[in-house]
Amino acid sequence: MVTTLPYGSWPSPLTADLLATGGTRLGSPRLVGREVWWTEGIATEGGRQAIVRTAGPVALPPAGGAEGPPAPSVPADRVTVLPAPFNARSRVHEYGGSSWGVVPAPGPDGQGPLVVFVNFADQRVHALREGEQPRPLTPVGPVVESAHGPSLRWADPTVITLADGSTEVWWVCEDHAGLVGRTAGADGSSPDGGAPRPDADGAPHIERSIVAVPLDGSAAEDPAALRRITPASRFVAHPRLSPDGTHLAWISWEHPQMPWDGTELHVAPLLDGSAGEGEVIAGGTDVSVLQPEWLDDERLLFLSDVTGWWNPWTWSSADGARQVLEREEEFAGPMWALGTTWYQVLDADRALVQHGRAATSLSVLRISTGELAPLDCPLTEVGGMQRREDGLLVLAGASPTAFGAIHLAELRLEEEIAQADPSADPSDAAPAAASTGGAPAAGRAPSAAPSLSPLTLLRSSRDDAPDPGLLPEAESIEVPLADGGVVHAIVHRPRQEGLAGREGELPPFIAQVHGGPTAHVPPVLSLPVAYYTSRGLGVVVVNYGGSSGYGRAYRDRLKGQWGVVDVADTVAVMEHLVAEGIADGERLAIEGGSAGGWTTLACLTRTDAFAAGVSSFGVAELEQFRLDTHDFESRYIDGLVGPYPERRDLYVERAPLSHVDELEVPVLLLQGDEDRIVPPSQSEAFRDALAAKGIPHAYLLFEGEQHGFRKAETIVTAIESSLSFYGQVLGFSPACVPVLALERN
């Protein structure tokens, strides 16, 4: 029996408390010996990020035949390695990235491996063995006011074994004080007294480089014990030492580039523990190169978008750079977080790769021929993966029908399949699909294809997955544009089994616009989306021009056009939904955070398409923002809008704050008081403009929150306030949420 109720007023068991406390943020998994380790965000402990592991080895069963292996053996329990209140989270670039690593060697008394991590509160590198209290390995940086926090920061550790057999850990170091690589004062201060020299444009000078941190703790009080490996650059990433220990590869970039705009790939000899004079072998100001990995002592594999798509390339000193295959798919994405990787080298001629358009597929790439052997994997987003020598694969990901989780599987390569079933005829197996169209490469006999076993769940982001009848179904669409292009979007219609809207009524629809803006939302199951759709609200996720996942030309549509293309694309999607009879054109809303907050406010002030909007830590104007925001994105706007002050006219014209006089609809503003990326001043300036005009609004400032909300109580308040706000403006009565008070002054 189906009950009809007004859209938006459907009762739903998906509560804000469930979203805030029922889920777990899972970090990329890693294989440490025979165990699997990963990170978990604990909302009930202030959102701290803990390092956890399986409570024992993860084993593969004895090899099966050609019919496929049985599932891996998974320990029932897990162990929290990092004790409270420690929080493994980096502030390099403010977005951080990889914040921990493991030195596999056991301790002198047989203890477990040594764990190194960055503690969020002081940004010092610490070390511990399980059961011990962490001890610091890096010094406290001098106070630098412009750093707005610790002046020495660390990310993306790489465990290095030197030629003499000793071990050290190399980190990306962010130095706001000019401390690393210079002689410090007797009190540990920087040579200029803690006042870093300014750049030519007057901004604080910040250096980043690859730095070796000794494991004996000698650098905890003595910065001179830190050893700089690479020359200082504005930004560095992906340090990789060749297998023979003689050469180092890394990438760097400078303002005003972002890592998806242009980077340089360096190779240099390693002399006396530091990089000697090297050369730039790929990349530039308009070519993005990512994730170099050594195939052997002479050859590098890396990803470059020089052809318009991030595709795999190789380089050697003898042969130079060579494209492995050319495919109109992305084998990488925008590097917002340091330590992000998109493939794993399996041997000198094979790599496990992610690739696709928006959605992700897994394949084994044969580097010598460019052949891709696809793997049968149900995930459409992969957040990290690693294969063990015995074939165990651990990977994190999600799909349209499954929440984010860490999974296990067995990945068997061609020769392993043949060994498991010697009687099998290799020609009976499906050949690897060639990059040129699916046929085996000329002159090669068909070979057995790599095989991936069904996934075994290790840890889900939700142990309380709701009834499937409450979950939406994702529909990917392409909306045509007048210029012949398209906008990519994902439609989620209202859905709850047993409930329907009233006859003749169309549902309200919420446009969700992602942050970045160089990012995208993949087609995966989302409980925040289900929170709305299970109540009778439609949601459409707009991957507007500028989004990643669709090639460089689609990303570059936003160059110089931020506040124009993103707005027009979002409105085009909503007009399409209305024209198709999917959405009620009088009850359209929009929401987004950070850069998505900018697009939200721009849509509200520059168009009449929406009846309401919710901006979470959104950008409202650009002149003050470029001064207040953090270093990583401080020149991002040069590419998105134009150089300053030469194009100050665009900075003023594009700003939503400049067009509040054209705004007629209510707005909800959500903000963290410790946000260094989009400071509270942005939301507060827009709030003041709303009050001056008498527009209904609410401004909620959350104590102790940064760029993105982590505390359970904050998440609950933000979600329930948004639903109450939409109900008041769009004309429905949401069940069981407190009424948000709206102000006019």
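Along each chain, residues carry numbers from 1 onward, in the same order as the chain's sequence is written. pLDDT decides what is reported in this predicted model: residues at 70 or higher carry local features, side-chain atom pairs at 80 or more are listed and counted, and totals for whole chains, interfaces and linings draw on all residues regardless. Side-chain metrics in this entry use all non-hydrogen atoms of the structure; hydrogen atoms and water are not considered.

## Describing the confidence of the model for the chain
- Residues with a pLDDT of 70 or more make up 92% of the chain, whose mean pLDDT is 91.
- Values of pLDDT, the confidence the predictor places in each residue, fall between 0 and 100. Between two residues, a contact is recorded if the distance between any of their heavy atoms is within 4.5 Å. Taken together, the stretch residues 183-194 has pLDDT below 50 and engages in 17 contacts with residues farther than four places along the chain or on a different chain.
- Segment residues 426-446 is flagged for pLDDT under 50; beyond a separation of four residues in sequence, or across chains, it makes 32 contacts in the model.

## Some details on the packing of aromatic side chains
- Centres within 6.5 Å are what make two rings of Phe, Tyr or Trp a pair, Trp counting through its six-membered ring; a difference in plane orientation under 30 degrees is then read as stacked, over 60 as edge-to-face, and the rest as tilted. With the rule as written, the count across this model stands at 20 aromatic pairs.
- Three or more aromatic residues link up through ring pairs in this structure, and these residues are Y95, F235, W253, W260, W336, F632 and Y636.
- We count a charge as sitting over a ring when the NZ of a lysine or the CZ of an arginine lies within 6 Å of the ring centre and within 35 degrees of the ring normal. Stacked on the ring of F120, the Lys or Arg R89 has its end atom at 4.3 Å from the ring centre.
- Sitting above the plane of the Y531 ring, R535 keeps its charged end 4.0 Å from the centroid.

## Quick look at the sheet that holds strand β27 (residues 371-374)
- Spatial strand order, β24-β25-β26-β27: four strands in an open sheet with antiparallel pairing. The sheet is open, and its two edges are formed by β24 (343-347) and β27, each paired on a single side. Across the sheet, the mean angle from the axis of one strand to that of its neighbour is 30 degrees, orientation sign disregarded.
- The sheet contact formed by strand β25 (residues 350-355) and strand β26 (residues 361-366) spans six bridges and is antiparallel. Along β26, the bridge assignment pairs L352 with V364. Between any two strands, at least two bridges found by DSSP are needed for them to pair. Strands here are runs of E lasting at least two residues and helices are runs of H or I lasting at least four, both read from the DSSP assignment and numbered beginning at the N terminus. Between N-to-C directions, angles span 0 to 180 degrees; the directions come from axes that are lines fitted to C-alpha atoms, helices contributing only their stretch in contact.

## Describing empty space enclosed by the protein
- As defined here, a cavity is a set of points on a 1 Å grid over the protein atoms alone where a 1.4 Å probe fits but cannot get out. A pocket is an open set with protein on both sides within 12 Å along at least five of seven lines, and residues line them when an atom is within 4 Å of a point. Grid points are joined across faces, edges and corners, and a volume is the space filled by probe spheres set on the points. On inspection of all chains with the given rule, the structure shows four cavities of 30 Å³ or more.
- Its boundaries defined by the atoms lining it, the largest cavity holds a volume of some 140 Å³.
- Taken together, W260, D261, P517, T518, G546, R555, D556, L558, K559, Y636, G639 and L640 make up the lining of the largest cavity.
- Tallying contributions element by element places helix α8 (residues 636-640) first for the lining of the largest cavity, with three residues.
- Residue polarity is assigned by list, with Asp, Glu, Lys and Arg as charged and Ala, Val, Leu, Ile, Met, Phe, Trp, Tyr, Cys and Pro as nonpolar; anything else, Gly included, falls into the polar class. When the residues that make up the lining of the largest cavity are grouped by side-chain class, the tally is five nonpolar, three polar and four charged.
- Residue lining of the second largest cavity: 13 residues in total, with G516, W562, F625, E633 and Y636 positioned closest to the centre.
- Among the elements that make up the lining of the second largest cavity, the one with the highest residue count is α8 (three residues).

## Thoughts on helix α11 (residues 712-730)
- Expected helix span is computed as 1.5 Å times (number of residues minus one). Helix length check: α11, at 19 residues, gives a terminal C-alpha distance of 27 Å against a target of 27 Å (1.5 Å per residue), a fit within 8%.
- Taken from the residues just after α11, G731 is the one with a positive phi, measuring 85 degrees.

## What about the pattern of salt bridges?
- Whenever a carboxyl oxygen of Asp or Glu lies within 4 Å of a side-chain nitrogen of Lys or Arg, that contact is scored as a salt bridge. Inspection of the entire model under this criterion finds 42 salt bridges.
- E40 is paired through a salt bridge with R459; the nearest N and O atoms lie 2.6 Å apart. Here E40 is found in strand β4 (residues 35-42), whereas its partner R459 is found in strand β32 (residues 456-460), with 419 residues between them in sequence. In this pair, the class of E40 matches that of R459, namely buried.
- A salt bridge links R687 to D688; its shortest N-O distance comes to 3.0 Å.
- The classification of residues rests on relative accessible area computed with a 1.4 Å probe and restricted to protein chains. Under 20% of the type maximum is buried, over 50% is exposed, and intermediate values are partly exposed. Residue classification places D688 among the partly exposed positions, given a relative accessible area of 43%.

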